[in-house]
Amino acid sequence: MIAISDPGELEMAWAHQYERLSQRFCRILPIQGLIVEIGCGKGQLTIPLVEMAPRLQVIGVDRFMGPYSKSHTELLSALAGRGKKVGIRVVVSDYNAWLETQPDSKYDAVISSEFLPELDSKSMTDFFADCNRVIKPDGRTIHSFLSPEPRNQRQRRLIEADSEPRWTKTPPEEWFSPTPRQVLEALKGAGFKECRMVKLRSGLVIRSLAARRMLRDWDIRQSYWKLHRTALESEGLEIPDWLIVGARKVSQS
Ligand SMILES: C[S@@+](CC[C@H](N)C(=O)[O-])C[C@H]1O[C@@H](n2cnc3c(N)ncnc32)[C@H](O)[C@@H]1O
């Protein structure tokens, strides 16, 4: 377990989380090919992924609106700092509008990280149907997201702060995250096979001023910090388990 209290350590702690996630994605993805990441944000997963798998070409699709409007500039400057060789192309678009324009069976994989929490059940079902259509036979889809099922009080605190409209300025459509069962069933319903889930413990506890900064970064009201200050200073928040759900598109025979 890593516990941080200094806000200056947050960035490094998150980078470590995404490195571990990228390793898991790399185990499932082909070593080369053209893949799409929906909701790439500032490239939290995208950048470590192409660094670990430099023969992958990634199209990152994101609309960069509302609370995520700054992510576009952050992504572009992170890419500029890495030179021309990075295999990432950024498309600014709503994911639905973009997927509609894509031909059938073009991509080796469609992936996402912390994007399913942005959807609701109906749009998740439709999204997986689109993923299935644009992926090549035998291609993969992989989606990671934070578990909505807390294992302890610190995780429960984080989920509550990020879900309840009295605390968060950006309450979710339907869920903090879908449950693994909802995701697996929706993937099967969309025609995917070999639907599997792995769990990765985050092991990241955030206390004190680092917790205060994280709440601010996540658009959670100051009133939450004020009311729970004692617990946030001593016990803190904990990032829930990462759930990584993957599936394969059946090949046509
Ligand atoms: C929680 S962030 C995840 C960012 C990053 N992938 C990560 O792992 O942290 C969700 C991202 O989905 C994007 N997003 C949400 N709804 C979208 C939509 N309808 N079309 C395209 N992108 C969308 C947001 O702009 C945001 O960058």
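Definitions and cut-offs
- Residue positions within a chain follow its written sequence, with the count starting from 1.
- Reporting in this predicted model follows two pLDDT cut-offs: at least 70 for local features of residues, and 80 or more for side-chain atom pairs to be given and counted; totals over whole chains, interfaces and linings ignore these cut-offs and use all residues.
- Starting at the N terminus, helices and strands are each numbered in turn, a helix being any DSSP run of H or I of at least four residues and a strand any DSSP run of E of at least two.
- In this scheme the burial state of a residue depends on its C-beta neighbours within 10 Å: 20 or more other such atoms mean buried, 12 or fewer mean exposed, and anything in between means partly exposed; the C-beta positions come from the backbone.
- Being near a molecule or strand means, for a residue, that its backbone-placed C-beta atom lies within 6 Å of it.
- Each residue is assigned to one of three groups, with Ala, Val, Leu, Ile, Met, Phe, Trp, Tyr, Cys and Pro labelled nonpolar, Asp, Glu, Lys and Arg labelled charged, and all others, Gly among them, labelled polar.
- In this description, a nonpolar core means buried residues of the types Ala, Val, Leu, Ile, Met, Phe, Trp, Tyr and Cys, linked to one another by C-beta atoms lying within 7 Å.
- Once C-beta atoms have been placed from the backbone, residue pairs whose C-beta atoms lie within 7 Å are recorded as contacts.
- Axis angles are defined between N-to-C directions and span 0 to 180 degrees, where every axis is a line fitted to C-alpha atoms and, for a helix, only to the segment in contact.
- Crossing chirality is assigned from the near helix's rotation relative to the far helix, an anticlockwise turn below a right angle marking it left-handed and a clockwise turn marking it right-handed.
- Here the rule is simple: two strands pair whenever DSSP picks up at least two bridges between them.
- Angle categories are assigned with fixed cut-offs, so that under 35 degrees is roughly parallel, over 145 is roughly antiparallel, 65 to 115 is roughly perpendicular, and the rest are oblique.

Draft legend 1. Structural detail: the overall build of the protein. Helices and strands together make up the secondary structure of the protein, namely nine helices and 10 strands. Along the first, second and third principal axes, the C-alpha set of the protein runs to 60 × 40 × 30 Å. Residue burial in the protein is summarised as follows: out of 253 residues, 39% are buried.

Draft legend 2. Representation of the site of the ligand in the model. Around the ligand lies a shell of 17 residues, among which Gly39, Gly41, Arg63, Tyr68 and Ser113 are the nearest. Among the residues making up the shell around the ligand, the classes are represented as seven nonpolar, five polar and five charged.

Draft legend 3. Region of the structure containing the nonpolar core. By size, the foremost hydrophobic cluster in this structure holds 63 residues, and its most contacted members are Ile35, Ala109, Val110 and Leu187. Apart from the residues within four sequence positions on either side, alanine 109 is in contact with Leu29, Ile35, Ile135, Gly139, Arg140, Thr141 and Ile142.

Draft legend 4. Spatial organisation of the packing of helix H8 (residues 208-217) against helix H9 (residues 222-234). Contact geometry of H8 with H9 gives a least axis separation of 9 Å together with a crossing angle of 145°. Regarding H8 and H9, the two cross each other, and that crossing is right-handed. For the pair H8 and H9, the contacting residues are Ser208, Ala211, Arg212 and Leu215 in the first and Tyr224, Trp225, Leu232 and Glu233 in the second. Taken together, the residues of the contact of H8 with H9 sort by class into five nonpolar, one polar and two charged.

Draft legend 5. Highlighting the pairing of strand S5 (residues 107-113). Counting buried residues along S5, six of its seven residues qualify, which places the element largely inside the surrounding structure. When strand S2 (residues 33-38) meets S5, the two strands line up parallel, connected through four bridges. The partner of isoleucine 35 across the bridge, within S5, is alanine 109. In this structure, S5 lies alongside strand S6 (residues 135-146), joined through six bridges in parallel fashion. Along S6, the bridge assignment pairs tyrosine 107 with isoleucine 135.

Draft legend 6. Structural detail: the sheet that holds strand S1 (residues 2-4). Sheet architecture is open: three strands sit in the order S1-S8-S9, paired in mixed fashion. Two strands in the sheet have a free side with no partner beyond their single neighbour: S1 and strand S9 (237-238). With two bridges connecting them, strand S8 (residues 204-206) and S9 associate as antiparallel partners. The residue bridging isoleucine 206 from the neighbouring strand is leucine 237, located in S9. Relative to S8, H8 is tilted by about 95°, and along the sheet it contacts S1, S8 and S9.

Draft legend 7. Looking closely at the packing of helix H5 (residues 121-134) against helix H7 (residues 180-189). Two elements in contact, H5 and H7, have axes separated by 8 Å at closest approach and are oriented at 45°. Put simply, H5 runs oblique to H7. Of the two elements, H5 crosses H7, and the hand of that crossing is right-handed. Seen from H5, the contacting residues are Ser121, Met124, Thr125 and Phe128; seen from H7, they are Gln182, Ala186, Leu187 and Gly189. The class makeup of the residues in the contact of H5 with H7 is four nonpolar, four polar and no charged.

Draft legend 8. View of unusual backbone geometry. In this structure, serine 105 takes a positive phi of about 50° despite not being glycine. By the element assignment, serine 105 lies in the loop between helix H4 (95-100) and S5. The exposure class of serine 105 is partly exposed, given the 14 C-beta atoms found within 10 Å. The phi dihedral of glutamate 114 is positive, around 55°, even though this residue is not glycine. What makes glutamate 114 partly exposed here is the crowd of 18 C-beta atoms within 10 Å.

Draft legend 9. Fine view of the sheet that holds S6. Taken in spatial order, the seven strands line up as S4-S3-S2-S5-S6-S10-S7 in an open sheet, and their pairing is mixed. Two strands lie at the open edges of the sheet, namely strand S4 (88-92) and strand S7 (192-200), each paired on one side alone. Sheet twist, expressed as the average angle between the axes of neighbouring strands with direction ignored, equals 20°. Of the strand pairs in this sheet, S2 and strand S3 (residues 56-62) are connected by six bridges, and their pairing is parallel.

The values are spatial; any link to function lies outside them.
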